[in-house]
Amino acid sequence: MDIEINVRMNLSKDDERDVTLIVPEQTTVGSFIRKVCKENDIPMKSSYVLTLYESSEPLRWSSRLNSCHVNSGMTVVLGENEDDEDMNEIRTVHCNLWWPFAFICFMIGIIGVTAIVVVKHMQEQPVYEYGIVMDAGSSHTKLFIYKWDGVKEKNTALAEQIHTCSVPGHGISSYEANPEGLAPGLRYCLSEAKATIPKDKQSSSPVYLGATAGMRLIHEVNSTITDAI
C-alpha cells in the first residue's frame, strides 16, 4: 500500500522547505532518503538522517517505514547528522545483527546437503554376498571365490570372481585310500577364503564342490569313501 508522507527539509539554513512524496509503506528509510534527494536535485550524503516530527531519534536506514510507524499524512524531517561516524554505526548495527543468523543458516544448509549426499551414497552402496566354488578336477583342485550384489530384483546378479587358490596335492579322487590326506591342502585354501570374505558374511557364504568322473566312479563302487572325502 502506498502512503503519502510530508518531508520537512532541514539540511541547511538556506534550504528549508516542505515536500510531499508517495511511496510504498514497505520502503526502507535509506531508499526513502535517496528518493527525496533524487526528486529534489539534492546531492546525496551518507550523513543524512530521517526523524519523526518532534523527535530527535534518527530512524535506521535499513528499517522499513511502516515498521517505524510512519503512516500516510505524517511529517518526517530530513536533516544532516553532525557526527557522521555515529550515524554510520546506527545504520550498520541493524545489518550486523543479521550476520550471525546468516552464517548459522549457511552452516545448516551445508550440513543438510552433506547429510543428504552421505545418505544417498550409503543407499547406493551395494550389499555384497559371497560364495565359494571348488573345482575338483582329475589332477588338482582349485578354489574360486565370487561376490555379487545381494540386493537385486528377482534374485539375479552378475557374479565377480575375486580370488583363486590352487589346493596343494593331487586330484581328490586320488585320496581314495587316504581321505584325511586331502585336509591339509583344503585348509590352506580355506584360510585364504577366510581372509578374503568379510567376517560377517562367512557363515552365510555357500560352498559348492564340483568333482569329475573319477569321484563318480568311486561313489558307484563305495559311497562311504566319497562321503569321507
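Below, the structure is looked at part by part. Note that the structure is predicted; figures quoted are calculated from it, not measured.

## Brief notes about the pattern of salt bridges
Move 1: With the rule as written, the count across this model stands at four salt bridges.
Move 2: Between Glu39 and Lys35 there is a salt bridge, and its shortest N-O distance comes to 2.8 Å. Taken together, the residues Glu39 and Lys35, both in helix 1 (residues 29-39) and four residues apart, mark about one turn of the helix.
Move 3: Judged by its relative accessible area of 31%, Lys35 falls in the partly exposed class.

## Examining the layout of surface pockets
Move 1: Estimates place the volume of the largest pocket at around 180 Å³.
Move 2: What lines the largest pocket is a set of ten residues, and nearest its centre among them are Asn10, Val49, Gly79, Glu80 and Asn81.
Move 3: Considering every element that reaches the lining of the largest pocket, the biggest residue donor is strand 4 (residues 75-80), with three residues.
Move 4: Broken down by class, the residue content of the lining of the largest pocket amounts to two nonpolar, six polar and two charged.

## What about the environment of Leu78?
Move 1: Inspection of the secondary structure assignment puts Leu78 in strand 4.
Move 2: Considered as a pair, Leu78 and Leu11 are 67 residues apart in the sequence and their alpha carbons are 6.8 Å apart.
Move 3: The residues touching Leu78, leaving out its near neighbours within four places in the chain, are Val7, Arg8, Met9, Asn10, Leu11, Ile33, Val36, Tyr48, Val49 and Leu50.

Definitions and cut-offs
- Residues numbered from 1 in each chain as written.
- Predicted model: local features only at pLDDT ≥ 70, side-chain atom pairs only at ≥ 80, totals over all residues.
- Heavy atoms only, no water.
- Salt bridge = Lys/Arg side-chain N within 4 Å of Asp/Glu carboxyl O.
- Helix = DSSP H or I, 4+ residues; strand = E, 2+ residues; numbered from the N terminus.
- Buried < 20%, exposed > 50% of the residue type's maximum accessible area, 1.4 Å probe, protein only.
- 1 Å grid on protein atoms, 1.4 Å probe; cavity = no way out; pocket = protein on both sides within 12 Å on 5 of 7 lines; lining within 4 Å.
- Points joined across faces, edges and corners; volume = space filled by probe spheres on them.
- Nonpolar A, V, L, I, M, F, W, Y, C, P; charged D, E, K, R; others polar.
- Contact = heavy atoms within 4.5 Å.

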